[in-house]
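# What the coordinates show
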Amino acid sequence: MSKSSFERPERIQFEDADYEFSTLAIRAGQQRSDEGEHNDAIYPTSSFVYSSAREAAARFGGEEEGNIYSRFTNPTVQAFERRMAALEDGERAVATSSGMAAILSTCLSLLKQGDHVICSRSVFGSIVSLFDKYLSRTGISVTYVDPTDLDAWSAAITPATRMFFLETPSNPLAELGDIEAVSRLAHDIDALLVVDNCFCTPALQQPLKQGADIVVHSATKYLDGQGRCVGGVVVGRDKEMEEIYGFIRTGGACLSPFNAWVFMKGLETLELRMKAHSANALEMAEWLKQQPGIDKVYYSGLEEHPQHALATKQQRAFGGVLAFEVSGDQEAAWRFIDATKMISITGNLGDVKSTITHPGTTTHGRMSAEAKVEAGIKDNLIRLSVGLESVDDIKRDLQLGLAAI
Ligand SMILES: *Cc1c(COP(=O)(O)O)cnc(C)c1O
């Protein structure tokens, strides 16, 4: 099948045929080569060849469809994009070199000088740096709001507001934003709602079906799920994706074919993994909450979570990340972390390996003291990304931490 060099394939047969999520995750987007390979092919090539100078000219001129150069046309990357578009139920996806590149590309291609963004305050730390340090230079301003407070979203609207940016559930406190309600606010003023769907993945939450216009991902987390590659992807309508594709093509923050291929292998097991992560995390949250030495557990799967009802409505399960406060100060939290033996001490998450981190001094360490207080990132807070090891072994490891508080 031939493809236009300037336009990536939009729809895949599997989607049109109305297959279920788990089938799409395994089969959507694949285009077999003449070799008849069963698994997805990988094309690790920077450029493509032509049969003649005339053909090269026609491809470059856009008169003839086909591959040109892997910054903007690579069959492996395109297969990953088609699969992600199918899983998020979008018209088209654009892959990027990282999750941050997905967010940067979305902002730079859809916003201009003078535009205003309303962003949930508990977003991934680098997103705050991106807005405050870099996008501010281009004259794009941002207001941060409590994601759970609809009135705050509404009150932050200005005549210049063009984009709402929502990460739900949030990291690390699992606060939820109501996608449908926020999308109504955005659409009332013709603004776009962008949802960072990193924590749930489309296996648990499909924001485009709930009113979001664009979904961004760090594929580095659960889409890979096994801690191997850095990458990202944006999914949405053709109109906005064409802008973002144009920016990536020129700006260069493209995904490598190898990483795209690894992510496709990750997607094959995405639904199974997300169900298992969620089951393990729920069990760990229930267990942690009963342990002496634990003051509070943050997990939307717990009935006492203030947005448990919304989580039940908006998500298919509650995900693999939880946070808890230990009795004591930062020293106690660090002692807890240091006493664990199996769980990896790392800032990454969304891996089959359980990971533990102290947000206040790592992932959220660049926030000011006041901002941390406002966002609820306390000194005694620990984040646990619950992996797929035996929950009994994870409990045994955490027991070492509890004994060290
Ligand atoms: C990790 C992460 C990002 C950034 O992704 P990278 O792949 O590290 O660039 C963005 N949003 C969320 C919610 C994340 O967890």
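Residues numbered from 1 in each chain as written. Predicted model: local features only at pLDDT ≥ 70, side-chain atom pairs only at ≥ 80, totals over all residues. Heavy atoms only, no water.

An unreviewed UniProt entry annotates the chain as O-succinylhomoserine sulfhydrylase originating from Amphritea japonica ATCC BAA-1530. According to its UniProt record, the chain has this under Sequence similarities (unreviewed entry): "Belongs to the trans-sulfuration enzymes family. MetZ subfamily." You can read under Subunit (unreviewed entry) in the UniProt record for the chain the words "Homotetramer." (UniProt positions renumbered as here; feature names shortened; annotations may be inferred.)

### Quick notes on the UniProt feature "modified residue: N6-(pyridoxal phosphate)lysine" (unreviewed entry) in the chain
Mapped onto the present numbering, the UniProt feature "modified residue: N6-(pyridoxal phosphate)lysine" (unreviewed entry) falls on Lys 221. By secondary structure assignment, the location of Lys 221 is in the loop between strand 6 (214-218) and strand 7 (232-236). On the accessibility criterion, Lys 221 (10% relative accessible area) is buried. Apart from the residues lying within four places of it in its own chain, the contact partners of Lys 221 are Phe 124, Cys 198, Asn 348, Leu 349 and Gly 350. (Helix = DSSP H or I, 4+ residues; strand = E, 2+ residues; numbered from the N terminus. Buried < 20%, exposed > 50% of the residue type's maximum accessible area, 1.4 Å probe, protein only. Contact = heavy atoms within 4.5 Å.)

### Structural notes on helix 16 (residues 391-404)
Counted at 1.5 Å a residue, the expected span for helix 16 with its 14 residues is 20 Å, and the 20 Å between its end C-alpha atoms agrees. Inspection of helix 16 places Val 391, Ile 394, Lys 395, Asp 397, Leu 398, Gly 401 and Leu 402 among the buried residues, and these make up the whole buried set. Each buried residue of helix 16 sits inside an arc of 165° when the element is viewed along its axis, so together they form one side. Of the exposed residues in helix 16, those oriented more than 90 degrees away from the buried face are Arg 396 and Ala 403. Where helix 16 is buried, its residues touch helix 12 (270-289), strand 8 (294-298), helix 14 (330-339), strand 11 (355-357) and strand 12 (381-385). (Expected span 1.5 Å × (residues − 1). Arc of directions from axis to C-beta.)

### Examining the domain arrangement of the chain
Taken domain by domain, the chain consists of domain 1 (14-114 + 192-267) and domain 2 (270-404). The interface of domain 1 with domain 2 comprises 21 residues on the first partner and 19 residues on the second. Its largest share of buried area at the contact with domain 2, domain 1 owes to Phe 199, Leu 204 and Tyr 222, together 39% of the area lost on that side. Inspection of the domain 1/domain 2 interface yields 0 salt bridges. Here domain 1 is connected to domain 2 by 12 residue pairs in polar contact (both at pLDDT 80 or more). Of all the secondary structure elements, the ones that give two or more residues to the side of domain 1 that touches domain 2 are helix 2 (21-27), helix 9 (201-204) and helix 11 (257-268). Of all the elements, helix 9 adds the most residues to the side of domain 1 that touches domain 2, at 4 residues. Partitioned by chemical class, the residues of the side of domain 1 that touches domain 2 number 9 nonpolar, 10 polar and 2 charged. (Domains from an automatic or database assignment. Buried area = accessible area lost by both parts, 1.4 Å probe. Salt bridge = Lys/Arg side-chain N within 4 Å of Asp/Glu carboxyl O. Polar contact = N/O pair within 3.5 Å; in protein donor to acceptor, adjacent residues only side chain to side chain. Nonpolar A, V, L, I, M, F, W, Y, C, P; charged D, E, K, R; others polar.)

### Regarding helix 3 (residues 53-60)
If you check which residues of helix 3 are buried, you get Glu 55, Ala 56, Ala 58 and Arg 59. Seen along its axis, helix 3 keeps its buried residues to an arc of 165°; they face one direction. With respect to the buried face of helix 3, the exposed residues turned more than 90 degrees away are Ala 53, Arg 54 and Phe 60. Following helix 3 by one or two positions, Gly 62 has its phi on the positive side, about 80°.

### What about the sheet that holds strand 12?
Overall, mixed pairing links the 5 strands, which are arranged 8-9-12-11-10 in an open sheet. The open sheet has two edge strands with one neighbour each: strand 8 and strand 10 (344-345). Sheet strands touched by helix 14: strand 8, strand 9 (321-326), strand 10, strand 11 and strand 12. Its angle to strand 9, the strand with the most contacts, is close to 125°. (Pairing = 2+ DSSP bridges. Axes fitted to C-alpha atoms, helices over the stretch in contact; angles between N-to-C directions.)

### Examining the sheet that holds strand 5 (residues 192-196)
Reading across the sheet, the 7 strands line up as 1-7-6-5-4-2-3 and stay open at both edges, with mixed pairing between neighbours. Each edge of the sheet is formed by a strand with only one pairing partner; in this case those strands are strand 1 (92-96) and strand 3 (141-145). Sheet twist, expressed as the average angle between the axes of neighbouring strands with direction ignored, equals 20°. Against the sheet, helix 4 (residues 75-88) makes contact with strand 1, strand 6 and strand 7, and its axis sits at roughly 130° relative to strand 1, the strand it touches most.

### Comments concerning the packing of helix 4 against helix 11
With their axes 8 Å apart at the nearest point, helix 4 and helix 11 run at an angle of 35° to one another. For helix 4 against helix 11, the interelement crossing comes out left-handed. Facing Thr 76, Val 77, Ala 79, Phe 80, Arg 83, Met 84 and Leu 87 of helix 4, the residues of helix 11 in contact are Pro 257, Ala 260, Trp 261, Phe 263, Met 264, Leu 267 and Glu 268. Class assignment for the residues of the contact of helix 4 with helix 11 results in 11 nonpolar, 1 polar and 2 charged. (Left-handed = near helix turned anticlockwise from the far one by under 90°.)

### Let's talk about the nonpolar core
In terms of nonpolar packing, the biggest core is built from 51 residues, with Phe 80, Met 84, Trp 153, Phe 164, Leu 193 and Leu 270 touching the most fellow members. If you tally residues by element for this core, the top one is helix 4, at 7 residues. When residues are assigned to domains, this core turns out to be shared by domain 1 (14-114 + 192-267) and domain 2 (270-404), each giving three or more. If we skip the residues at most four places from it in the chain, Trp 153 touches Ile 118, Cys 119, Ser 120, Val 145, Asp 146, Pro 147, Phe 164, Phe 165, Leu 166, Val 182 and Leu 185. Ranked by size, the runner-up nonpolar core spans 29 residues in total, among them Phe 318, Phe 324, Val 326 and Ile 356. (Core = buried A, V, L, I, M, F, W, Y, C linked by side-chain atoms within 4.5 Å.)

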